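Each chain, letter by letter, is given below.
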Amino acid sequence: MKKLSLAFSCCLVSLLSFGQATKTTLAIIPEPVSITTKPGQFVLPKNITIQAGTSAEMVNVTSYLKTKLATATGALVTVKSKFAVPATIKLLLSTKTDTVLGKEGYELWVGVKGIVIRANEPAGLFYGVQTLMQLFPKEIEGAEVSHIKWTAPCVQITDYPRFAWRGLMFDVSRHFFTKEEVKQYIDQMVRYKFNLLHMHLTDDEGWRIEIKSLPKLTTVGAYNVKKVGEFGSFSPPAPDEPRTYGGYYTQDDIRELVQYGKAHFLNIMPEVDVPGHSLAAVASYPELSCTPGAENYKTRSGEHMMDFGAGGIKALVDNTLNPASEKTYDFLDKVLTEVAQLFPFGYIHMGGDECAKNFWEQSADVKALMAKENLKTMEEVQSYFEKRLEKIVESKGKKFMGWDEIIEGGLGPKAAVMSWRGIKGGITASKLGHEVVMSPTTFAYLDYMQSDRVMEPHVYATLRLSKSYQFNPVPDSADAKLILGGQANLWTEQVFTFRQAEYMTWPRGFAIAESVWSPNEKKNWNTFYPKVEKHFARLNEAEVKYAPSMYDPDFKPKMAVDSIMSVELMNEIPDLTIYYSFDNSYPDRFYPKYTAPLEVPKDATQLRVITYRGKEPIGRMITMPVAELKRRLGKGGE
Ligand code: ACM
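Residues numbered from 1 in each chain as written. Predicted model: local features only at pLDDT ≥ 70, side-chain atom pairs only at ≥ 80, totals over all residues. Heavy atoms only, no water.

> Hey, could you run me through the nonpolar core in this one?
Note that soluble globular proteins tend to have their nonpolar side chains buried in a common cluster. In terms of nonpolar packing, the biggest core is built from 153 residues, with L69 and L91 touching the most fellow members. If we ignore the near neighbours within four places in the chain, the residues touching L69 are L44, I48, I50, G74, A75, V77, I89, M133, F136 and I140. Judged by nonpolar contacts, the second largest core, of 20 residues, contains F345, A416, M418 and L484. (Core = buried A, V, L, I, M, F, W, Y, C linked by side-chain atoms within 4.5 Å. Buried < 20%, exposed > 50% of the residue type's maximum accessible area, 1.4 Å probe, protein only. Contact = heavy atoms within 4.5 Å.)

Written as C-alpha cells, this is what we have:
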C-alpha cells in the first residue's frame, strides 16, 4: 500500500512537473487567447493521416500541412476526406458557426492519441496549423528531414485575432524584389498569422507593375542606375551610366502572387503612390508633370532629391503629377482599370504621402485650378486631387485608402486612412467616421535602425524591439470600431537585398504580429523576449535572417561639469551582463563588468562592449568611437 502510494505520488509529481515543464517551454507567437496545458505529449507516427474536407480552400490547408510534415519529418503523410479513421490530425469545420472564433479563430487540441483542429472557416484551420507547427520542435521549419522524436506537448488552445487587418508593407520600388522573394516574404508572414501584404509598387526609383495600356511605365520607369552605399547621398548618375537596375512584375506575375497569397489566406493590397513619389511615372510620361523640362527627368537612383526641412517638404526635381491636368486623371484611370482587375482585395492604396508642393506653387496650371475651384492652399489642391482619385478608385469597384496626409486639405467622403505620422491622423480620421489602419513610425517602421547606429545601416531614426512591442492599434481616444487593425512598413531605401529585408523584419515583425493578433492584456515583454529567442532558433532552421539587436545595449553619453564624459549602457533585456574595454582590445567575460555609468578615460578613442548570458557571449561585439559619443553630446541626438 505504502509502495503503491509512493509510486502514485511519484507519478503525480512527474505529471505535475511535466505539465509545468510544457507550460514554460511553449513559445507561441503571436500569443494565443487561451492555452491550457495538459500532462503528456503527442508523438508523431511514421505514417501520418490527415483527415479533412476536400474543398479548394481546405486543400490549401491540407497541402500546406502535408508539405511541412513530410519535408521535416520524412513521414508518409496521407490526406483522407471526412470520416476516415483513425486519423493522426483531424481538421474539422464547425457545423454551427462558433461566434467566439469568428472567421479566423480556431480551437486546437493536442492529446496523447491525436490532434484535432476545429474552426468555422479554412482560414481558422490554417492558423491552427501555424500554432501546431510552433508546438513541434524547431526542426519542423527545416528544409531537410530531421531524425528526431517528433513530439508536441498536450494542450488545448482557443484562439482568434484581435484585428482583421494584420499587415506588413513591403516597398518593392526603392529596390526591386523578385516574385520568388515576395513569395518567401509571404511564407514568413503567414507563420505569424499576418493576412495582408501591402505592396508599395511605385515610387521615384521604380514602377514595378506592368500596365499594358502604358508600357513605358515599365520599359522606362522600372529601371535606374545601380548604386551601392548609403541611399539618399549617392552621386548623381552620369548620362552614360547604364539604366539596367530594377525590374517589374508582369501581370502574370501579379496574378501568380495574388494566387499564392490566397492559397496562404493572405490578401495583397497594391499601392500606387501619387501625386508625390511619382518620378518613375513622370520619367516615363513627362506630360504628367506641371513643370517644363520634365522630358529630361530620369528615375531616381538614390541621389539627394528631397529636403525635409523645417519649412516643409521640398523636391529638388518635380516628382509629382500635375493635379490640374486632365491627362493625370486619364492616366490614373487607365492604371486603376488594370490594377483593380489584377487584385481582388477590396482596397487600393493610392499613397498621398510627402507630396512636395514647391513645383505646384510655381505652376500656372495649378494657379488656374486654384482660381477655378476656389482652392486656398496647396493642401486643398492635394485634397481636390485625392477626391477625384477616390471617385476613380470607386468607379473600379474598390475602396480608396491613403496615407494620413490626405486628411490635411479635407478627406473625401469614404476615404480610408493609413496613419503613419504617429497615431494622431488615425484618431482624427476615426472621429470623422473614416476607416483607419494604424502603422505609426513610433512603433511600426521596420526600416528604422534596431540597435545603436554604429551597428546598423544608417537610417534617420531608431526603433527598438521593445518599443515595437508596445504597439497598440487602438488608442483610448479613437473610435475602436473604425480601426481595422495595424501593420508595419518596410521601406527599402537602405535595403539592398532580400536577406536584409528579412533582417529588418524579424524580430520586430513578431512584436507587430502579437500587437495585431493577441489580446492586449496578454502582451508581456518579460514573457515575449524569451519566446523571441526560441523563434530565433526556428528562423535559423528556416534559414531566415533576423536582427540580434535586442542583445545590443543602448549608449547614453553624459558630460559632467568637470568635462569628463561618462557613458551609461542600457540593456533591452534584463538577464545579460556587459563586459567592456577602453584599450582597443576585444572584451570577453574576463574583462571588467559594466555595473554603473563608465567614466571615459581622457585619451581613450573607443569603447568596446559585448554582452553575455552567463558564460555565453550572446551580443555582437560593438565598437563605439569616443568621437561618436562626443558628437551625440554636441547634438543631443540619438
Ligand atoms: C511614409 O512613410 N512616407 C508613408
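> Mind showing me how you'd approach the sheet that holds strand β23 (residues 598-599) here?
Within a sheet, adjacent strands bond to each other through the backbone by hydrogen bonds, running parallel or antiparallel. Strand order in the open sheet formed by three strands is β20-β21-β23, and the pairing between neighbours is antiparallel. Either end of the sheet is taken by a strand with one partner, and the two such strands are β20 (554-559) and β23. Examined bridge by bridge, strand β21 (residues 565-570) and β23 share two bridges and lie antiparallel to one another. Across the sheet, residue V567 finds its bridge partner in β23, namely L598. (Pairing = 2+ DSSP bridges. Helix = DSSP H or I, 4+ residues; strand = E, 2+ residues; numbered from the N terminus.)

> I'm lost on the pattern of salt bridges in this one. Help?
Note on pairing: side chains with opposite charge can pair once their charged atoms come close. Enumeration over the complete set of coordinates arrives at 40 salt bridges. Ionic pairing is found between R613 and D575, a salt bridge with its closest N-O pair at 2.9 Å. In this pair, R613 is assigned in strand β24 (residues 606-613) and D575 in the loop between β21 and β22 (577-581), connecting sequence segments 38 residues apart. For R613, a relative accessible area of 25% translates into the label partly exposed. You can call D575 partly exposed: its relative accessible area is 36%. (Salt bridge = Lys/Arg side-chain N within 4 Å of Asp/Glu carboxyl O.)

> I keep staring at unusual backbone geometry and nothing clicks. Help me out?
With the exception of glycine, the majority of residues adopt a negative phi angle, and the majority of peptide bonds are in the trans configuration. At the junction of I29 and P30, the peptide bond is cis and its omega measures out at -5° in the coordinates. Along the polypeptide, P30 turns up in the loop between α1 (2-25) and β1 (34-43). The omega torsion of the bond from V274 to P275 falls at 5°, within 30 degrees of zero and hence cis. Even without glycine at this site, H277 takes up a positive phi of about 50°. Of note, H277 is situated in the loop between β12 (267-271) and α7 (279-284). What makes H277 buried here is its relative accessible area of 6%. Of note in this structure, E543 is not a glycine but carries a positive phi near 60°. One can find E543 in the loop between α17 (525-542) and β20. Judged by its relative accessible area of 62%, E543 falls in the exposed class.

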